[in-house]
Amino acid sequence: MKANIAILPGDGIGPEVIAAAVDVLADVARRHGHEFAFAEHAIGGIAIDTHGEPLPAATLAACKAADAVLLGAVGGPKWSDPKAPVRPEQGLLALRAGLGVYANLRPVSVHPRLAGLSPLKNEKLAGVDVLFVRELTGGAYFGAKTRSADTATDETRYTVAEIERVARRAFELARGRRRHVTSVDKANVMETSRLWRETITRIASDYPDVQLEHQLVDSMAMLLLTRPASYDVVVTENLFGDILTDEAAALAGSLGLLPSASLGEGRVGLYEPIHGSAPDIAGQGLANPLGAILSAALLLRHSLHLDAEAAAVEAAVESALASGELTRDLGGKAGTSDLAGSVRAALAAQRREAA
Ligand code: NAD
Ligand code: IPM
Ligand code: MN
């Protein structure tokens with residue numbers, strides 16, 4: 001098949017991990033007879049520097065016209081002055097809103113070789129396989145903001161329609177898994193959470209084959225550490241999902257491992273690792289590229305419907321994790337290109353076996 005993939009490397013380690021993921025996608029295209037065209041566009045801090053804005057109109061237009069978008073990360077100390085008139089992160093939020101990708105899928109599992117990296121006891125980690133469905137285009141991120149000399153506000157706002165569509169996504173996804181949904185809110189305090197709980201409960205009646213459980217976000221933060229293996233699909237609002245998924249990365253062993261897919265009703269999906277620009281290691285070739293490579297696998301599956309190719313990339317990552325040299329965040333000494341190289345070698349070996 002032919003596909004146009006918009007590439008948004010962004011800032012910090014973004015370009016380093018995206019280069020690795022593009023190499024893997026190019027390998028997939030060569031080996032499976034596809035034609036992928038990659039076109040790079042500016043977003044984030046680099047776009048502020050070169051275009052004066054974090055999401056240039058040309059970048060958004062190119063993303064809307066593409067078949068899928070692969071993004072690295074945005075932000076960094078250079079653009080983090082609290083008084084700065086514009087921030088890299090605004091570009092990412094505008095892209096998510098512009099593409100209408102309201103459901104952010106963040107799968108978390110634990111590779112046996114990495115269980116020792118988690119601060120949790122190994123026996124708690126067996127069988128961990130959680131799919132977070134984070135609402136991505138509403139809530140506190142997109143409500144009105146005000147600021148005066150001594151007061152600031154961020155409005156948290158949700159409509160029934162916004163909650164319904166992400167709830168349906170979560171229930172549909174649960175049907176392809178263990179048929180269990182945990183909805184996370186703060187309904188004991190927040191009005192938006194009461195609307196959230198009421199709406200999720202109503203939508204659940206359309207999915208009688210899926211079991212629904214509600215948890216408050218504070219206790220969920222604890223339960224994720226005390227019984228992580230008991231969760232299947234976890235659906236929650238934008239801000240809670242942001243926080244809980246970084247927490248869940250500690251189960252997997254490193255933030256650098258986790259991918260995401262952001263989907264809406266539109267045809268274009270956005271794929272990005274959940275980590276940021278990691279200023280502390282940027283430019284040194286040390287970043288773990290697996291979150292970006294696994295995001296490319298999600299792109300193959302959800303946007304290009306190339307299930308076998310997606311599974312091949314995931315299997316190659318699995319075997320690189322099982323026997324390859326690991327990056328520093330995973331307790332090894334390898335660099336970004338070494339780890340990406342072992343994924344590519346595993347991919348090549350698979351094809352030879354299959355041939
Ligand atoms: P971060 O995710 O960039 O880094 C947190 C820690 O995890 C750091 O110690 C970093 O070295 C490590 N880490 C992250 N990714 C890694 C990888 N692939 N390999 C190895 N180690 C990795 O979070 P932060 O430091 O809080 O934020 C830095 C900047 O990134 C901020 O400007 C923030 O807004 C931005 N950010 C962007 C995104 C995004 O673009 N999607 C996501 C999160 C944070
Ligand atoms: C993420 C990031 C972003 C978010 C920031 C950079 C806007 O933390 O993708 O998890 O909070 O959504
Ligand atoms: Mn985050």
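Parameters at a glance
Residues numbered from 1 in each chain as written. Chains lettered and ligands numbered in written order. Predicted model: local features only at pLDDT ≥ 70, side-chain atom pairs only at ≥ 80, totals over all residues. UniProt positions renumbered as here; feature names shortened; annotations may be inferred. Axes fitted to C-alpha atoms, helices over the stretch in contact; angles between N-to-C directions. Helix = DSSP H or I, 4+ residues; strand = E, 2+ residues; numbered from the N terminus. Parallel < 35°, antiparallel > 145°, perpendicular 65-115°, else oblique. Left-handed = near helix turned anticlockwise from the far one by under 90°. Contact = placed C-beta atoms within 7 Å. Nonpolar A, V, L, I, M, F, W, Y, C, P; charged D, E, K, R; others polar. Near = placed C-beta within 6 Å. Domains from an automatic or database assignment. Buried ≥ 20, exposed ≤ 12 C-beta atoms within 10 Å, placed from the backbone. Pairing = 2+ DSSP bridges. Right-handed = clockwise from strand over helix to strand, strands pointing away. Core = buried A, V, L, I, M, F, W, Y, C linked by C-beta atoms within 7 Å. Arc of directions from axis to C-beta.

Naming follows an unreviewed UniProt entry, where the chain appears as 3-isopropylmalate dehydrogenase of Dokdonella ginsengisoli. Note on the chain: under the UniProt heading Function (unreviewed entry), the record states "Catalyzes the oxidation of 3-carboxy-2-hydroxy-4-methylpentanoate (3-isopropylmalate) to 3-carboxy-4-methyl-2-oxopentanoate. The product decarboxylates to 4-methyl-2 oxopentanoate." According to the UniProt record, the Subcellular location (unreviewed entry) comment for the chain is "Cytoplasm".

Draft legend 1. View of the packing of helix α8 (residues 217–226) against helix α9 (residues 238–252). Interhelical geometry of α8 versus α9 gives an angle of 15° and a closest axis separation of 10 Å. One way to sum up the angle between α8 and α9 is to call them roughly parallel. In terms of crossing hand, the pair formed by α8 and α9 is right-handed. Counted together, Val217, Met220, Ala221 and Leu224 of α8 and Phe240, Leu244, Glu247 and Ala248 of α9 form the full contact between these two elements. Looking at side-chain class alone, the contact of α8 with α9 contains seven nonpolar, no polar and one charged residues.

Draft legend 2. Main features of the site of ligand 2. Contacts to ligand 2 come from Gly75, Glu89, Leu92, Leu93, Asp242, Ile274 and Gly276. Counting residues per element, the shell around ligand 2 draws most heavily on helix α4 (residues 88–99), at three residues.

Draft legend 3. A look at the domain arrangement of the chain. When the domains of the chain are assigned, the result is domain 1 (1–104 + 260–355) and domain 2 (119–252). Here the C-alpha centroids of domain 1 and domain 2 sit 24 Å apart. Of the residues lining the interface, 10 residues belong to domain 1; the matching set on domain 2 comes to 14 residues. Those elements giving two or more residues to the side of domain 1 that touches domain 2 turn out to be α4 and β4 (103–109). It is α4 that provides the largest number of residues to the side of domain 1 that touches domain 2, a total of three residues. Of the residues that constitute the side of domain 1 that touches domain 2, the class distribution is six nonpolar, three polar and one charged.

Draft legend 4. Structural detail: the UniProt feature "binding site: Mg(2+)" (unreviewed entry) in the chain. Per the UniProt entry, the sites bearing "binding site: Mg(2+)" (unreviewed entry) are Asp218, Asp242 and Asp246 in this numbering. Within the fold, Asp218 resides in helix α8. Residue class for Asp218 comes out partly exposed when judged on the 13 C-beta atoms lying within 10 Å of it. Structurally, the position occupied by Asp242 is in helix α9.

Draft legend 5. The pairing of strand β2 (residues 35–40), seen in detail. One ladder, built from six bridges, connects strand β1 (residues 2–10) with β2; its direction is parallel. Directly across from Ala3, in β2, lies its bridge partner Phe36. With helix α1 (residues 14–32) bridging β1 and the parallel β2, this β-α-β connection has right-handed handedness.

Draft legend 6. Local environment of the packing of helix α6 (residues 160–175) against helix α7 (residues 191–204). At a minimum axis distance of 9 Å, the contact between α6 and α7 shows a crossing angle of 45°. The angle between α6 and α7 falls in the class oblique. Taken as a pair, α6 and α7 cross one another with a handedness that is right-handed. Residues Val160, Ile163, Glu164, Ala167, Arg168 and Phe171 of α6 form the contact with α7, whose own contacting residues are Leu195, Trp196, Thr199, Ile200, Ile203 and Ala204. When its residues are assigned to classes, the contact of α6 with α7 shows nine nonpolar, one polar and two charged.

Draft legend 7. A look at the nonpolar core. Core analysis: the largest hydrophobic core is formed by 109 residues, its most contacted members being Ala21, Val69, Leu70, Ile293, Ala296 and Val313. Residue assignment places this core across two domains, with domain 1 (1–104 + 260–355) and domain 2 (119–252) each supplying three or more. Sequence-distant contacts of Ala21, defined by excluding residues within four places in its chain, comprise Leu70, Pro289, Ala292, Ile293, Ser295 and Ala296.

Draft legend 8. Representation of α8. All of the buried residues along α8 are Val217, Met220 and Leu224. Mapping the buried residues of α8 onto a view down its axis gives an arc of 45°, with all of them on the same face. Exposed positions of α8 whose direction lies more than 90 degrees from the buried face are Ser219, Met222 and Thr226. Elements that come into contact with the buried residues of α8 comprise β8 (180–185), β9 (211–216) and α9.

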